[in-house]
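Observations on chain architecture
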Amino acid sequence: MAENPTELEVWQRGPIDGVPPLLQPVAHALLQAVEDIEKEMAGFPLTLLWSRPAQVASVGFHLKHARGVVDRLFTYARAEMLSENQMQFLKRETEADDTESVEKLVNDFRMQVSLAIDQLRTTEEATLNEKRGIGRKQIPTTIVGLLFHAAEHVQRHVGQLIVTSRILKSMEKQVP
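The following paragraphs examine the structure supplied in this document. Keep in mind the model is a prediction, meaning the values are calculated, not measured. (Residues numbered from 1 in each chain as written. Predicted model: local features only at pLDDT ≥ 70, side-chain atom pairs only at ≥ 80, totals over all residues. Heavy atoms only, no water.)

Observations concerning the environment of glycine 133
- Counting through the fold element by element, glycine 133 comes out in strand 1 (residues 131-134).
- Taking the C-alpha atoms as reference, glycine 133 lies 9.4 Å from leucine 146; in sequence the two are 13 residues apart.
- Not counting residues up to four positions away in its chain, the partners in contact with glycine 133 are Tyr76, Gln138 and Ile139. (Helix = DSSP H or I, 4+ residues; strand = E, 2+ residues; numbered from the N terminus. Contact = heavy atoms within 4.5 Å.)

Okay, here's the thing in structure tokens:
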């Protein structure tokens, strides 16, 4: 066992207080995403935030999209439709915004995950198979499907963010 509990991944540290057992993996994955993003983005230069090496998605996009995914999918899990603000946020995820710092985007994601963990705490396991619909077309899914997809989708983007971040930092070091 690691001497420092924070050296362990979130899932190895035990249950998250108040989160139902069947939703622990969702909480663990989202909290791990926060820690991974915080670690990778520490000292990340603002000048690289919207860079797109080889035309891949920018680090800024991944930060905004991860936040948006959690917000939108957890909204659907509550059987709510997206608000106009959520729709506008979705449309602007790929747009650079010079008013947003790396720290602000990381903090926005951290806060969205905190709201998600609060929602998990109030989600009863008996409701997990209740039907939910996605979007105007009401694509069929369930509460558990939405919550797990939010966690796995965010993890995918965190991986992409880390790779893109490291490529950009490596390229920056090579510039004479």
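From this point, things continue past the structure.
Looking at the pairing of strand 2 (residues 139-142)
- In terms of strand pairing, strand 1 meets strand 2 through four bridges, oriented antiparallel. Residue pairing across strands places glycine 133 opposite proline 140, the latter belonging to strand 2.
- The hairpin turn running from strand 1 into strand 2, its antiparallel successor, is four residues long, and glycine 135 in that turn takes a positive phi close to 70°. (Pairing = 2+ DSSP bridges.)

Some thoughts on the side chain of serine 165
- Inspection of the secondary structure assignment puts serine 165 in helix 5 (residues 143-174).
- Its relative accessible area of 0% is what places serine 165 among the buried residues.
- A polar side-chain atom of serine 165 sits 2.8 Å from a polar atom in the side chain of glutamate 40.
- Sequence-distant contacts of serine 165, defined by excluding residues within four places in its chain, comprise Glu40, Met41, Phe44 and Val59. (Buried < 20%, exposed > 50% of the residue type's maximum accessible area, 1.4 Å probe, protein only. Polar contact = N/O pair within 3.5 Å; in protein donor to acceptor, adjacent residues only side chain to side chain.)

Some details on a nonpolar patch on the surface
- Nonpolar side chains collect at one region of the surface, where Val163, Ile167 and Met171 lie side by side and expose about 250 Å² of accessible area between them.
- Among the secondary structure elements, isoleucine 167 is positioned in helix 5.
- By relative accessible area, isoleucine 167 is classed as partly exposed at 39%. (Patch = residues over 30% accessible without salt bridge, like charges linked within 9 Å, V, L, I, M, F, W, Y side chains within 5 Å. Areas by Shrake-Rupley, 256 points an atom, 1.4 Å probe, with all protein chains shown as cover. Salt bridge = Lys/Arg side-chain N within 4 Å of Asp/Glu carboxyl O.)

Considering the packing of helix 1 (residues 24-41) against helix 2 (residues 59-77)
- Between helix 1 and helix 2, the least distance of the axes is 12 Å, while the angle of their chain directions is 160°. Considering the angle they form, helix 1 stands roughly antiparallel to helix 2. The hand of the helix 1/helix 2 crossing is left-handed. Residues Val26, Leu30, Ile37 and Met41 of helix 1 touch helix 2, and the partners they reach there are Val59, Leu63, Val70 and Phe74.
- For the contact of helix 1 with helix 2, the residue count by class is eight nonpolar, no polar and no charged. (Axes fitted to C-alpha atoms, helices over the stretch in contact; angles between N-to-C directions. Parallel < 35°, antiparallel > 145°, perpendicular 65-115°, else oblique. Left-handed = near helix turned anticlockwise from the far one by under 90°. Nonpolar A, V, L, I, M, F, W, Y, C, P; charged D, E, K, R; others polar.)

Quick word on the pattern of salt bridges
- The tally for this structure, following the rule as stated, stands at 13 salt bridges.
- Arginine 110 is the partner of glutamate 38 in a salt bridge, and the nearest nitrogen-oxygen pair spans 2.5 Å. Of this pair, glutamate 38 sits in helix 1 while arginine 110 sits in helix 4 (residues 102-121), and the two are 72 residues apart along the sequence.
- With a relative accessible area of 31%, arginine 110 lands in the partly exposed category.
- One salt bridge connects arginine 166 with glutamate 40, and the closest N-O pair in it is separated by 3.1 Å. Linking arginine 166 in helix 5 with glutamate 40 in helix 1, this pair joins segments that are 126 residues apart in sequence.
- Connected via shared salt-bridge partners are Lys64, Arg67, Glu100, Lys104 and Asp108.

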